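# Residue-level structural notes
Chain by chain, the residues:
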Amino acid sequence: MNQRLPVQGPQGDLLRLVATGRAESRAELARLSGLAASSVSLRVEELIDAGLLAEEGAGTSRGGRRPRRLRLSAGAGVLAVADLGAHHVRLGLLGLSGDPLVVEEHPCDITEGPRRTLDRIADAFDALLTEHVPPGVPLRGVGTGVPGPVDPATLRVVTPSRMPGWNDFPVAEHLATRYDLPVLVENDANLMAAGEARWWPGTENLMVVKAGTGIGCGVIAGGRLHRGRGAAGDISHVRVRSDSSVMCACGHPDCLEAYASGAALMTALTEAGIAVTRPADIVTLVNDAVPEATSLVRGAGRRMGEVLTVLVNFFNPDVVAVGGSLSAAEPLLTSIRAAVWERCLPLATRDLEIAPARAGRDAALQGAGALLLEAALTM
Ligand SMILES: [Zn+2]
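Below or above, wherever it landed, is the structure these notes cover.

Criteria and thresholds
Residues numbered from 1 in each chain as written. Predicted model: local features only at pLDDT ≥ 70, side-chain atom pairs only at ≥ 80, totals over all residues. Heavy atoms only, no water. 1 Å grid on protein atoms, 1.4 Å probe; cavity = no way out; pocket = protein on both sides within 12 Å on 5 of 7 lines; lining within 4 Å. Points joined across faces, edges and corners; volume = space filled by probe spheres on them. Helix = DSSP H or I, 4+ residues; strand = E, 2+ residues; numbered from the N terminus. Nonpolar A, V, L, I, M, F, W, Y, C, P; charged D, E, K, R; others polar. Phe/Tyr/Trp six-rings, centres within 6.5 Å; stacked < 30°, edge-to-face > 60°. Buried < 20%, exposed > 50% of the residue type's maximum accessible area, 1.4 Å probe, protein only. Lys NZ or Arg CZ within 6 Å of the ring centre and 35° of its normal. Polar contact = N/O pair within 3.5 Å; in protein donor to acceptor, adjacent residues only side chain to side chain. Contact = heavy atoms within 4.5 Å. Donors = N, O, S within 2.8 Å, 3.2 Å for Na, K, Ca; no water. Tetrahedral: all angles 85-135°; square planar, octahedral: opposite > 155°, others 65-115°. Axes fitted to C-alpha atoms, helices over the stretch in contact; angles between N-to-C directions. Parallel < 35°, antiparallel > 145°, perpendicular 65-115°, else oblique. Left-handed = near helix turned anticlockwise from the far one by under 90°.

What follows deals with the layout of surface pockets. Empty space within the second largest pocket amounts to approximately 1400 Å³. Contributing to the lining of the second largest pocket are 46 residues, with Thr20, Arg198, Gly223, Ala370 and Glu374 lying nearest its centre. At the level of secondary structure, the elements contributing two or more residues to the lining of the second largest pocket comprise α1 (9-19), β2 (69-72), β9 (183-187), α6 (188-197), β12 (224-225) and α13 (363-378). No other element matches α13, which puts 7 residues into the lining of the second largest pocket. Classifying every residue of the lining of the second largest pocket by side-chain character gives 24 nonpolar, 9 polar and 13 charged.

Here we come to the packing of aromatic side chains. The description of an aromatic ring pair uses the distance of the two centres, along with the angle that the planes make with each other. The full count for this structure, using the stated rule, is 1 aromatic pair. Each ring, one from Phe125 and one from Tyr179, has its centre 6.5 Å from the other, and the planes form 65 degrees; the classification is edge-to-face. Within this pair, whereas Phe125 is found in helix α4 (residues 114-132), its partner Tyr179 is found in the loop between α5 (171-176) and β9, the two being separated by 54 residues in sequence. The buried category is assigned to Phe125, whose relative accessible area is 1%. Between Arg358 and the ring centre of Trp200, over which it is positioned, the NZ or CZ distance is 3.3 Å.

The next thing to look at is the side chain of Ser335. Turning to its location among the elements, Ser335 is positioned in helix α11 (residues 330-343). One polar contact links the side chain of Ser335 to the main-chain carbonyl oxygen of Arg298, over a distance of 3.5 Å. If near-sequence neighbours (up to four positions away) are discounted, Ser335 is found in contact with Arg298, Gly301 and Arg302.

Taken together, the protein donors to the zinc ion comprise His237 (ND1), Cys248 (SG), Cys250 (SG) and Cys255 (SG), at separations of 2.0 to 2.3 Å. Classification of the site at the zinc ion rests on its 4 donor atoms, whose angles at the metal span 104 to 117 degrees, yielding the label tetrahedral. In primary sequence terms, the donor set of the zinc ion follows H-x10-C-x1-C-x4-C. For the pair Cys248 and Cys255, a shared accessibility class is recorded, and that class is buried.

α11 packs onto helix α10 (residues 291-315) with a crossing angle of 40 degrees between their chain directions and a minimal axis gap of 7 Å. As the angle between them shows, α10 and α11 are arranged oblique. Crossing handedness for the pair α10 and α11: right-handed. In the contact of α10 with α11, the residues fall into 10 nonpolar, 6 polar and 4 charged.

Turning next to unusual backbone geometry. The backbone of Asp168 shows a phi angle near 65 degrees, a positive value even though the residue is not glycine. Within the secondary structure, Asp168 sits in the loop between β8 (156-157) and α5. A relative accessible area of 44% places Asp168 in the partly exposed class. A positive phi is found at Asn316, a non-glycine position, where the angle reads about 50 degrees. Mapped onto the secondary structure, Asn316 falls in the loop between α10 and β13 (319-323).

Turning next to the environment of Asn316. Residue Asn316 is classed as partly exposed on the basis of its relative accessible area, which comes to 37%. Considering only alpha carbons, one finds Asn316 and Ala86, 230 residues apart in sequence, at a separation of 32 Å. Those residues within four positions of Asn316 in sequence are excluded, and the remaining contacts are Leu311, Leu347 and Ala348. A polar atom in the side chain of Asn316 sits 3.5 Å from the backbone oxygen of Ala348.

Right under this line is the structure:
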């Protein structure tokens, strides 16, 4: 089952153009790849013979003869992807085009350490593959998001908070002992950004804020995930203005996370005698018009907005998309918008859209699929 894709190079490029929906005819492939039409046709025939592409029916007519429509064959393969949180892992199988075939959520305690956690994920992958994938359809790649910084050079987790035992653990190498395939390990906010980007076609520069237990942000620059050296987009430990002083888990005072994360709001609510166990509880309180919760969420949005003001002026994105479990609390987005619009340069906000994230709960899985497809077809 775990066979490698028999095509790389130009064939992989053609396959990727079809998988990502950018091309659905031989003519579009020729135009986008820069290859001669005869060369495209030859390679498409090879891909069809290999059972990777299928050609069917009539595509969009542009006058004259109707082009036949190319699509990935259902047997072309699947990707196994996971999005690991502090208490849950969401995982599933995707087709090579990134569409979820099956998605599940399991309780999972990340503090059990990397070996047990990753083995559980791999066991769950294996169970899904056995149950949902016919024999002969290959697994093409495996990927997981982690709620901490990842060094893109080594695919190790680097000094994560709330992940005891994970620092410098070789996550990719550990998964590679079970799967002789491309392995993706990526920060969860980066995966969410890569998944969200699929829902904003034509948007080149996008910031995706993940407001959950912690605060994350992923950056799409020029249509591609911008990782920097692994820390790009990490806004949680930016210092915010404050009259009081609150120590952050990182050891510095007054980080954004210490004031505006779901964890910080839960602490504040608990101290006020209001029981909450997860960020979704805060959303429920806001929807029930509990004033303490609404006020806290507004304050969190304002502080996030203040940090984003600097970033919007600097990066000048087309879109700031706000997702994560806390984002369902409506005052969060309103307060972020108000802060950014009040303080940013008019040129920076003239065409800026600050909007709820569109990709939904499977954003990170879709992002893993998109990044993994690239890895699987270029190895
Ligand atoms: Zn901090």
